[in-house]
Amino acid sequence: MRMLRALRNASAAFTLLASASLAGGYSALAAEFRWASSGDVQSLDPHFTIETFSTSMLANVYEPLVRRLPDMKLEPALATSWEQTNPLTWTFRLRQDVTFQDGTPFTAADVLFSFERASSPGSAIKGYFAAVDRIEATDPYTVVFKMKRVDPILPEEISAWLIMSKAWSEQHGAAKASGAATAAESFATLNAMGTGPFHVVTREPGVKTVFEANPKWWDKPQHNVTKATYLAIPNQATAVAALLAGSIDMIYDVPSDAVDNLSRSSGIKILTRPELRVIYVGFDVTREELLDSSVKGKNPFKDPRVRRAFAEAIDVQAIKRSVMRGLSQPTFMMVADGIKGYNKDLNIRPTYSPASAKKLLAEAGYPDGFTLGMDCPNDRYPKDEDTCQAIVGMLAKIGIKVNLLAQTKTRMFPKVFSPRFETSFFLLGWAPSSNDAHSAYERLLYSRGRSTEKGTYNITGFHNDQFDGLIDAAGVEIDPVKRQAMLDEAARIVQREMPTVPLHQPLLVWAARDGVTVEQYPDDFFPLRLVRVGKTGG
């Protein structure tokens with residue numbers, strides 16, 4: 001079925017690209033912009049997933065109260081100002097004379113509705129509101145956040161929270177959120193209605209999404225794009241050929257083995273910068289028996305020596321050299337260099353040593369290794385499947401036989417995320433939308449079940465009372481020195497216990513035709529509002 005869908009998508013992409021070429025190719029696309037990557041958004045519902053690619057795409061249609069500049073600083077969006085009026089109160093003043101794309105006025109009622117929807121159990125982003133007790137409207141253009149606890153970084157936490165229209169959602173039966181874990185659909189799955197710079201014209205899941213500029217947008221456009229078409233092209237060689245042929249203007253995820261060819265091609269430019277994402281592997285440390293393993297009656301990953309053996313058997317330098325073609329930076333931190341709370345002094349990996357890893361396995365009672373399954377996306381991160389295949393080969397050297405299940409993110413995420421957590425061993429990536437280490441630790445490694453908003457992406461089932469206490473304390477600490485010390489100690493616990501093993505911080509690699517100007521955000525956001533298409537890009 002997967003192959004059939006890939007062939008269908010590739011065929012559709014070929015048809016679209018051929019049509020574009022017949023229509024005159026790049027020269028006919030003035031003020032029209034086409035870009036592509038290997039995957040697609042899972043839904044047009046902005047509360048369906050926390051995935052960066054989907055949120056970035058939807059932020060062209062929906063908008064947050066505060067948004068980020070290319071240097072990751074905050075600037076006003078639907079809120080014109082905000083202040084912490086007392087330790088447990090944040091007040092946001094809303095922009096007036098803003099309308100949704102159907103002409104409905106934007107007011108505080110839409111913010112309150114979006115909070116109730118996004119913080120509900122079905123939402124994938126309810127973790128943004130872990131510290132929020134409730135939101136009140138004091139007038140049509142002022143909302144007050146009443147906090148459960150002090151949260152000094154609330155504006156950072158909600159910078160990716162996209163506001164929906166109360167009237168449109170209720171009219172179309174989309175008032176309730178449904179996250180990626182349940183894969184439930186509503187009218188908002190295939191339709192969108194925001195206040196943003198573009199609106200959706202057509203949507204064909206897995207093939208293309210067409211946007212047009214919103215003439216009612218409140219902000220002064222910096223772009224010159226009247227129509228933008230996103231193409232999901234699973235075969236990256238096809239996307240590269242389309243860029244070279246002038247059928248598309250940009251590739252969002254350039255395969256590392258195509259960089260040299262594209263950089264030598266006339267009329268093409270390569271855009272790179274370090275990404276604020278860490279790619280890591282994780283272990284199920286909580287089940288009594290793994291879901292897919294030759295070991296029965298017990299879980300090998302409950303023994304920290306087994307987890308450390310895996311860490312010592314993975315050669316991240318070889319992955320950087322052979323898989324990523326130098327386009328990654330190995331790391332042993334769960335947050336990337338550039339995220340608040342990162343500490344370079346803690347970024348010290350265990351030494352690569354298959355001999356030591358085999359010794360650890362023998363001490364743990366597995367001298368001949370064992371077999372287990374591994375979940376890996378094949379359309380989400382740069383060289384994700386190739387990275388997993390490299391890890392499979394490395395683990396084979398210490399007697400671990402891995403049955404690799406490489407799959408689209410659309411299939412994998414509902415399987416491994418809450419509430420199913422159906423995985424024994426996996427590869428994923430994470431970049432905190434808050435740009436702060438605290439939220440990464442709180443969502444990925446805080447104990448499941450202790451809070452409805454924390455630990456929502458703790459796939460491993462890791463549980464450590466000292467770690468939870470540090471994250472709780474750091475969440476309300478205003479003193480930056482004390483807060484950093486707490487985050488450092490939390491990082492040391494993760495590095496010692498190893499429920500996850502960080503691999504690397506990839507470099508963003510985009511490719512665009514000359515004359516196309518884009519802003520490459522380090523968190524992998526790609527706002528159409530900053531795209532210009534022309535001979536000089538100016």
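This structure is a prediction, so every number in the text was calculated from the model and none was measured.

Procedures and definitions
- Residues numbered from 1 in each chain as written.
- Predicted model: local features only at pLDDT ≥ 70, side-chain atom pairs only at ≥ 80, totals over all residues.
- Heavy atoms only, no water.
- Helix = DSSP H or I, 4+ residues; strand = E, 2+ residues; numbered from the N terminus.
- Buried < 20%, exposed > 50% of the residue type's maximum accessible area, 1.4 Å probe, protein only.
- Contact = heavy atoms within 4.5 Å.
- Polar contact = N/O pair within 3.5 Å; in protein donor to acceptor, adjacent residues only side chain to side chain.
- Axes fitted to C-alpha atoms, helices over the stretch in contact; angles between N-to-C directions.
- Parallel < 35°, antiparallel > 145°, perpendicular 65-115°, else oblique.
- Left-handed = near helix turned anticlockwise from the far one by under 90°.
- Nonpolar A, V, L, I, M, F, W, Y, C, P; charged D, E, K, R; others polar.
- Pairing = 2+ DSSP bridges.

**Structural notes on the environment of N60**
Along the chain, N60 turns up in the loop between α2 (52–58) and β2 (66–68). Exposure remark for N60: the relative accessible area of 2% places this residue in the buried category. Placed 138 residues apart in sequence, N60 and F198 show a C-alpha to C-alpha distance of 5.6 Å. Among all residues touching N60, those that are not within four sequence positions of it are G196, P197, F198, F526, P527, L528 and R529. Within the structure, N60 has its side chain in polar contact with the backbone nitrogen of L528 (distance 2.9 Å).

**As for the packing of helix α15 (residues 465–476) against helix α16 (residues 480–497)**
A packed helix pair is summarised by two numbers, namely the angle formed by the two axes and the spacing between the axes. For the pair α15 and α16, interaxial distance at closest approach is 9 Å and the crossing angle is 155 degrees. Considering the angle they form, α15 stands roughly antiparallel to α16. In the packing of α15 onto α16, the handedness of the crossing is left-handed. Mapping the contact onto sequence places Q466, F467, L470, I471, A473 and A474 in α15 and R483, M486, L487, E489, A490, I493, V494 and R496 in α16. In terms of residue class, the contact of α15 with α16 is made up of 10 nonpolar, one polar and three charged.

**Description of the pairing of strand β13 (residues 278–283)**
Successive residues of a regular strand alternate their side chains across the two faces of the sheet. The buried fraction of β13 is high, at six of six residues. Along β13, one buried face is formed by V278, Y280 and G282 and the opposite face, lined by I279, V281 and F283, is buried too. Two strands pair when backbone bridges link them, and β13 and strand β17 (residues 425–430) are joined in this way by six bridges, in the antiparallel orientation. When the sheet's bridge partners are listed, V278 is paired in β17 with W430. As judged from the four bridges shared by β13 and strand β18 (residues 500–513), these two strands associate in the antiparallel manner. Within β18, the residue paired with I279 across the bridge is H504.

**Re the sheet that holds strand β5 (residues 89–94)**
Pairing in this open sheet of four strands is antiparallel, and the strands run β4-β5-β7-β6 from one edge to the other. Two strands in the sheet have a free side with no partner beyond their single neighbour: β4 (79–86) and β6 (132–139). Within this sheet the neighbouring strands show an average axis-to-axis angle of 20 degrees, counted without direction. As judged from the six bridges shared by β4 and β5, these two strands associate in the antiparallel manner. Among the inter-strand pairings, W82 is bridged to a residue of β5, identified as F92. The strands that helix α3 (residues 108–118) touches are β5, β6 and β7 (142–147); relative to β6, the one it contacts most, it runs at about 165 degrees.

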